[in-house]
Amino acid sequence: GLNAETLTKDLTIVPSRPIQQRLQASGGWNDGDGSYYGENPADGAVISYYQPTRALFGKLKIEILDSAGAVVETLRASKKPGVNRVVWTMRGPAPKAPPAAQVAFSASRGPRLVPGDYTVRITQPGQAYTQTIHVGLDRRAPFTLEDRKAQYAAATRAAALFNRMSALVEKIQSLRQSAEQSAGEVKGNKALQTRLAKLGDTVDALRKEIVATKEGGAITGEERLREHLDQLYGAINSYEGRPATYHMTYLDVLTNELASLETRFDAVQKGEMAALNGELTKAKARPLQVAEVEETPDLAG
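Below, the structure is looked at part by part. Bear in mind the structure is a predicted one, so any value in this text is a computation, not a measurement.

### Considering the packing of helix 1 (residues 145–183) against helix 2 (residues 190–210)
Piece 1. Here helix 1 crosses helix 2 at 160°, and the two axes come no closer than 9 Å. Taken together, the axis directions place helix 1 and helix 2 in an arrangement best described as roughly antiparallel. Here helix 1 and helix 2 pass one another in a crossing that is left-handed. For the pair helix 1 and helix 2, the contacting residues are Met 165, Leu 168, Val 169, Ile 172, Gln 173, Leu 175, Arg 176, Ala 179, Ser 182 and Ala 183 in the first and Gln 193, Leu 196, Leu 199, Gly 200, Val 203, Asp 204, Leu 206, Arg 207 and Ile 210 in the second.
Piece 2. Here the contact of helix 1 with helix 2 is built from residues that sort into 12 nonpolar, 4 polar and 3 charged.

### Concerning the environment of Ala 150
Piece 1. Relative to the helices and strands, Ala 150 resides in helix 1.
Piece 2. Here Ala 150 falls in the partly exposed class, since its relative accessible area comes to 22%.
Piece 3. Spatially, the C-alpha atoms of Ala 150 and Ser 108 are 21 Å apart, while their sequence positions differ by 42 residues.
Piece 4. Ignoring sequence-local partners within four residues, the contact set of Ala 150 consists of Arg 242 and Pro 243.

### Here we look at empty space enclosed by the protein
Piece 1. Under the definition given, this model contains 1 cavity of 30 Å³ or more.
Piece 2. Quantified by volume, the largest cavity comes out at close to 50 Å³.
Piece 3. Of all the secondary-structure elements, those providing two or more residues to the lining of the largest cavity are strand 1 (12–14), strand 3 (45–51) and strand 8 (127–137).
Piece 4. Broken down by element, the lining of the largest cavity gets its largest block of residues, 3 residues, from strand 3.
Piece 5. Looking at the lining of the largest cavity, its residues break down into 7 nonpolar, 3 polar and no charged.

### Focus: the sheet that holds strand 5 (residues 71–75)
Piece 1. Taking strand neighbours across the sheet as the criterion, the 5 strands line up as 2-8-7-4-5 in an open arrangement whose pairing is mixed. Strands at the two margins of the open sheet, each flanked by one partner only, are strand 2 (19–21) and strand 5. Between one strand axis and the next, the sheet turns by 30° as a mean value, whatever way the strands run.
Piece 2. Here strand 2 pairs with strand 8 via 3 bridges, running parallel.

### Points about the sheet that holds strand 6 (residues 82–88)
Piece 1. Within the open sheet, the 3 strands sit side by side as 1-3-6. Their pairing is antiparallel. Strand pairing shows two members of the sheet lacking a second neighbour, strand 1 and strand 6, which therefore form its edges. With direction set aside, neighbouring strand axes in the sheet form an average angle of 30°.
Piece 2. Relative to strand 6, strand 3 runs antiparallel, the two sharing 7 bridges. Bridge pairing in strand 6 places Ile 47 opposite Val 86.

### Considering a nonpolar patch on the surface
Piece 1. A contiguous nonpolar surface patch, about 230 Å² in accessible area, is contributed by Leu 2, Leu 7 and Val 83.
Piece 2. Position of Leu 2 among the secondary structure elements: in the segment before strand 1.
Piece 3. You can call Leu 2 partly exposed: its relative accessible area is 40%.

### Examining helix 2
Piece 1. In this model, helix 2 (21 residues) spans 31 Å end to end at C-alpha, consistent with the 30 Å of a helix rising 1.5 Å per residue.
Piece 2. Those residues of helix 2 not exposed but buried are Leu 192, Gln 193, Leu 196, Leu 199, Gly 200, Val 203, Asp 204, Leu 206, Arg 207 and Ile 210. Projection of helix 2 onto a plane perpendicular to its axis shows the buried side chains occupying an angular sector of 150°, all on one side. Exposed side of helix 2, more than 90 degrees from the buried face: Lys 190, Ala 191, Thr 194, Lys 198 and Asp 201 are the residues found there.
Piece 3. Where helix 2 is buried, its residues touch helix 1, helix 3 (225–238) and helix 4 (245–282).

### Side note on the pairing of strand 4 (residues 61–65)
Piece 1. With respect to burial, strand 4 is a largely interior element, 4 of its 5 residues being buried.
Piece 2. Relative to strand 7 (residues 116–124), strand 4 is paired through 5 bridges, and the arrangement is antiparallel. Bridge pairing in strand 7 places Ile 62 opposite Ile 122.
Piece 3. Across 4 bridges, strand 4 lies against strand 5 in antiparallel orientation. Paired with Ile 62 across the two strands is Leu 75, which belongs to strand 5.
Piece 4. Between the antiparallel neighbours strand 4 and strand 5 lie 5 residues, among them Gly 69 with a positive phi of about 90°.

Reading the values: rules and limits
Residues numbered from 1 in each chain as written. Predicted model: local features only at pLDDT ≥ 70, side-chain atom pairs only at ≥ 80, totals over all residues. Heavy atoms only, no water. Axes fitted to C-alpha atoms, helices over the stretch in contact; angles between N-to-C directions. Helix = DSSP H or I, 4+ residues; strand = E, 2+ residues; numbered from the N terminus. Parallel < 35°, antiparallel > 145°, perpendicular 65-115°, else oblique. Left-handed = near helix turned anticlockwise from the far one by under 90°. Contact = heavy atoms within 4.5 Å. Nonpolar A, V, L, I, M, F, W, Y, C, P; charged D, E, K, R; others polar. Buried < 20%, exposed > 50% of the residue type's maximum accessible area, 1.4 Å probe, protein only. 1 Å grid on protein atoms, 1.4 Å probe; cavity = no way out; pocket = protein on both sides within 12 Å on 5 of 7 lines; lining within 4 Å. Points joined across faces, edges and corners; volume = space filled by probe spheres on them. Pairing = 2+ DSSP bridges. Patch = residues over 30% accessible without salt bridge, like charges linked within 9 Å, V, L, I, M, F, W, Y side chains within 5 Å. Areas by Shrake-Rupley, 256 points an atom, 1.4 Å probe, with all protein chains shown as cover. Salt bridge = Lys/Arg side-chain N within 4 Å of Asp/Glu carboxyl O. Expected span 1.5 Å × (residues − 1). Arc of directions from axis to C-beta.

What follows is the structure, given as structure tokens:
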């Protein structure tokens, strides 16, 4: 803690209270004499540090490392003198959901990391300060640490499926746009223009199997692979106990469906796209291209 010795140091990480991953819950209300309003405890881990004077030079950085030494989160740090506090959500990054006519609400939040030992590392020019923190389960939790590990594995697997889905949609959209651009360069060749338009329609039909293109969700019946995954990811991510067999079976089904769409898109690239590129080369027009999609880091590390 803070004492005469630590108060003279350039920076001190203040020991925190025991950290629990509190059970996720939705609050209600009671409008009556029994009504009570109070501040909830922080949803994440509170990290406190003290510095006697303002850090004037260089960047102050706070990182959270897992037991393997990998950085799982980087937090904004204040340079103000005195005691500063930041809250670590204990969550991994949110998955990347492909654009659609509906909002993927569940995909806006990343999986909560597994309880265990983590290291807080605060770095300033020429010096790094570290402290180990232990994250435990909520004392009221009806599930075990092994259950949490199973839940986290399922949640990260579903999140990774979102990222694969987004990558495929980006590739589809880039090929469709490339076909439109190439068609504009061969205006005198109606047959080639027709084939390019058909290619664009073919790959866009794949996209429409992945994402909803009409607003309304279940009301209009417009639910595609993305919407089903968002519901499943939300169900797994909202309860931190062991996922049900149904959840895991459903995740297998969605994984297989996406793999099938990826295979069909690859077939288009190796077939009609390659054939059209031969014709475009003869016509001295730009060849069809599929964008290089940057891979999203594996949430499971």
